[in-house]
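# A look at the structure
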Amino acid sequence: MNTTGLRVTALQLVPSGIIFAASPAEGPAQIYSASPGAAPVAITSGEGDKTIGVISPTGTALTFTVRAAGAGRGGRGADPTPGGQAGPGPSFRLLTLAD
């Protein structure tokens, strides 16, 4: 599996291949799918760093979190909102994986 240009932060085996979270040189971390003999494909998109949560026992779905880019483990974001309050915390989402 060629992950050139990606910094892999988490890796999980599923029946269809490998699911991993990775950060490109620029832009937020996304979740990728990779199968034998194929290049990795981003299966998430958009703003915010994505991290893998729990994968279903059958490997057909996973939870993931989305947090402000660069927010670190706390997920609150690097810059406070006006008034000095912390930004929103991470959100959780469900993703169905293709066979």
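### Re the sheet that holds strand β1 (residues 6-14)
The four strands are arranged β1-β2-β3-β4 in an open sheet whose pairing can be described as antiparallel. Among the strands making up the open sheet, the edge pair consists of β1 and β4 (41-42). By the bridge criterion, eight bridges tie β1 to strand β2 (residues 17-24) in an arrangement that is antiparallel. Across the sheet, Leu11 pairs through a bridge with Phe20, a residue of β2.

### Details of the nonpolar core
Ranked by size, the top nonpolar core spans eleven residues in total: Val14, Ile19, Ala21, Ile31, Ile52, Ile55, Leu62, Phe64, Val66, Leu95 and Leu97. Contributions of two or more residues to this core are made by β2, β5 (49-55) and β6 (61-67). The biggest single contributor to this core is β6, with three residues. In this structure, Leu97 is in contact with Val14, Ile19, Ile43, Gly59, Thr60, Ala61 and Leu62, ignoring residues within four places of it in sequence.

### Considering the sheet that holds strand β7 (residues 91-96)
One open sheet accounts for three strands, arranged β5-β6-β7; its pairing is antiparallel. Edge positions in the sheet fall to β5 and β7, since each has one partner strand and no second. Shown here is a sheet whose adjacent strand axes are inclined to one another by a mean of 30 degrees, direction ignored. Both β5 and β6 contribute to a ladder of five bridges, which runs antiparallel. Along β6, the bridge assignment pairs Ile55 with Leu62.

### Quick word on the side chain of Lys50
Here Lys50 shows up in strand β5. No salt bridge forms around the buried Lys50; measuring N to O, its nearest opposite-charge neighbour Asp49 is 7.0 Å away. Here the side chain of Lys50 touches Glu47 through a polar contact of 3.0 Å, landing on its backbone oxygen. The residues contacting Lys50, other than those within four sequence positions of it, are Ala21, Ala29, Gln30, Ile31, Thr44, Ser45, Phe64, Thr65 and Val66.

Reading the values: the criteria
Residues numbered from 1 in each chain as written. Predicted model: local features only at pLDDT ≥ 70, side-chain atom pairs only at ≥ 80, totals over all residues. Heavy atoms only, no water. Pairing = 2+ DSSP bridges. Helix = DSSP H or I, 4+ residues; strand = E, 2+ residues; numbered from the N terminus. Core = buried A, V, L, I, M, F, W, Y, C linked by side-chain atoms within 4.5 Å. Buried < 20%, exposed > 50% of the residue type's maximum accessible area, 1.4 Å probe, protein only. Contact = heavy atoms within 4.5 Å. Axes fitted to C-alpha atoms, helices over the stretch in contact; angles between N-to-C directions. Lys, Arg positive; Asp, Glu negative; His and termini not counted. Salt bridge = Lys/Arg side-chain N within 4 Å of Asp/Glu carboxyl O. Polar contact = N/O pair within 3.5 Å; in protein donor to acceptor, adjacent residues only side chain to side chain.

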